[in-house]
Amino acid sequence: MPVPLFDTQRQIAPLRAEILARIEAVIQGSRFILGPEVEAFEREFAAYCGTEHAIGVANGTDAITIALRALRVKDGDEVIVPSFTFFASAEAIPPTGARPVFCDIDPETFCLTADTVKEVLTPRTKAVIAVHLFGNLAPVAEIEALGVPVLEDAAQATGSRCAHGRPGSLGRIATFSFFPSKNLGCFGDGGAVTTDDPQLAERVRMLRFHGSKDKVCHELIGCNSRLDEIQAAVLRVQLPHIDRWAEGRRAAAAHYQQAGLGDLVSLPRASAGCEPAWHLYVIKAERADAIAASLTAEGHGCRAYYRTPIHRQRAMAAYAPSRPLKGTEQAASRHLAIPMSPSLSAAQAREVTGAIGRALAAAPRAL
Ligand SMILES: Cc1ncc(COP(=O)(O)O)c(C=O)c1O
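Quantities reported herein were computed from a predicted structural model and do not represent experimental measurements.

Right, let's talk about the side chain of T328 for a bit. Tracing the backbone shows T328 in helix α12 (residues 326-334). Reaching out from T328, the side chain makes a polar contact with the side chain of D104 at a distance of 2.6 Å.

Quick look at the structure:
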């Protein structure tokens, strides 16, 4: 049986009636923007992350720009960001006036490290965007020890945890995306910013609403970027299940290991002390494209997400790094996301592993 790249239907299905009832209640209440569902979700999500504040915004990209502006990042500043991530992690920087400075990653964890940050740190560095890629956690404390504030891009990491806590609570400020396929996804676009700092939280609240606290006085040039009531209601139904789903994702990773996938390709390595809620399960192999072609031919889902890293995208030509990003290039050319979801079974993991074995047998020089 073909195994899909991810299976959101399966986790949503048992919650469908409850979600529909909550949407119906929002329609009945006729409050669609910044009402009780958003307020309740903000409280519940902050409690889940272990932070004082959570502020709902329209999507994970706005969340980063708003969080950077809350940190007073401005013209002439530099913001360090990995190049091996979704484009939005870096795209959110230029609207603040700052310059994205690309750093390398550890290709084993897919995350930036304190050493790769140090290589590009300058007196103009105003913040570091630590992307918790694929659900793995970046070493936030080690980076903050360099004396620079960290914005966690936790878009892919809801449900992960480490000894210091959960993503969202590890740096000065953090951002989330609730795009439907994310570990916690809504039925459209949505996002959030979390922080313990009351002043940052207040600036985020103002920036998401035209720079105003009261809709009358406008103290900042902000934007219109709000999580809406229906999306908040959908998220509230799912939030209590997120840890169980995270366990399912970790179990799926264990199924792949037990199926012997590690003998065939390089498996993603959890960062030290981290229990990732694998958003994507990303293997590495020299002939990743040949494996992808075979998996696709057998009907299994797979995808190379970031074959062209951001620093080589045309839109970022003005910000090209002066030195090669070796870990980034290795990850970019060899990575391949294979099926992952909370419900992925041992049989499905064996199925996908078998297909990868057949792909490599058909192309023995691949390894
Ligand atoms: C790492 C990362 N950062 C930021 C974003 C942007 O989130 P959104 O699509 O909600 O704007 C995404 C979404 O895919 C992402 O994966």
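When the domains of the protein chain are assigned, the result is domain 1 (8-240) and domain 2 (242-366). Each of domain 1 and domain 2 has a C-alpha centre, and the two are 24 Å apart. Opposite the 45 residues of domain 1 that make contact, domain 2 presents 42 residues. At the boundary of domain 1 with domain 2, total buried surface from both sides reaches about 3900 Å², with 57% on carbon and sulfur atoms. The largest per-residue losses of area from domain 1 upon contact with domain 2 belong to F102, F134 and R161, which jointly make up 18% of the total buried on that side. On inspection of domain 1 and its partner domain 2, the count reaches five salt bridges. For E108, the salt bridge goes to K284, with nearest N and O atoms at 3.5 Å. The interface formed by domain 1 and domain 2 contains 24 residue pairs in polar contact (both at pLDDT 80 or more). Among the secondary structure elements, those contributing two or more residues to the side of domain 1 that touches domain 2 are α1 (8-12), α5 (88-91), β3 (99-103) and β6 (161-162). In terms of residue count, β3 provides more of the side of domain 1 that touches domain 2 than any other element does, four residues in total.

The next point concerns the packing of helix α4 (residues 60-70) against helix α8 (residues 198-208). Taken N-terminus to C-terminus, the directions of α4 and α8 make an angle of 130 degrees; their axes are 9 Å apart at the nearest point. As the angle between them shows, α4 and α8 are arranged oblique. Relative to α8, α4 is oriented so that their crossing is right-handed. Here I66, R69 and A70 of α4 come into contact with α8, specifically with L200, R203, V204, L207 and R208. Of the residues in the contact of α4 with α8, the class split is five nonpolar, no polar and three charged.

In the vicinity of the ligand, 13 residues are found, and the nearest of them are G60, T61, D153, S177 and K182. Note that a nitrogen atom of the ligand is positioned 2.7 Å from one of the side-chain N or O atoms of D153. In this structure, Q156 approaches the ligand through a side-chain N or O atom, which is 2.9 Å from an oxygen atom. For the ligand, whose free accessible area comes to 390 Å², the fraction covered by protein is 91%. For the shell around the ligand, the elements supplying multiple residues, two or more each, are α4 and α5. Residues that form the shell around the ligand fall into these classes: four nonpolar, seven polar and two charged.

Quick notes on the rules
Residues numbered from 1 in each chain as written. Predicted model: local features only at pLDDT ≥ 70, side-chain atom pairs only at ≥ 80, totals over all residues. Heavy atoms only, no water. Helix = DSSP H or I, 4+ residues; strand = E, 2+ residues; numbered from the N terminus. Polar contact = N/O pair within 3.5 Å; in protein donor to acceptor, adjacent residues only side chain to side chain. Domains from an automatic or database assignment. Contact = heavy atoms within 4.5 Å. Buried area = accessible area lost by both parts, 1.4 Å probe. Salt bridge = Lys/Arg side-chain N within 4 Å of Asp/Glu carboxyl O. Axes fitted to C-alpha atoms, helices over the stretch in contact; angles between N-to-C directions. Parallel < 35°, antiparallel > 145°, perpendicular 65-115°, else oblique. Left-handed = near helix turned anticlockwise from the far one by under 90°. Nonpolar A, V, L, I, M, F, W, Y, C, P; charged D, E, K, R; others polar. Near = heavy atom within 4 Å. Areas by Shrake-Rupley, 256 points an atom, 1.4 Å probe, with all protein chains shown as cover.

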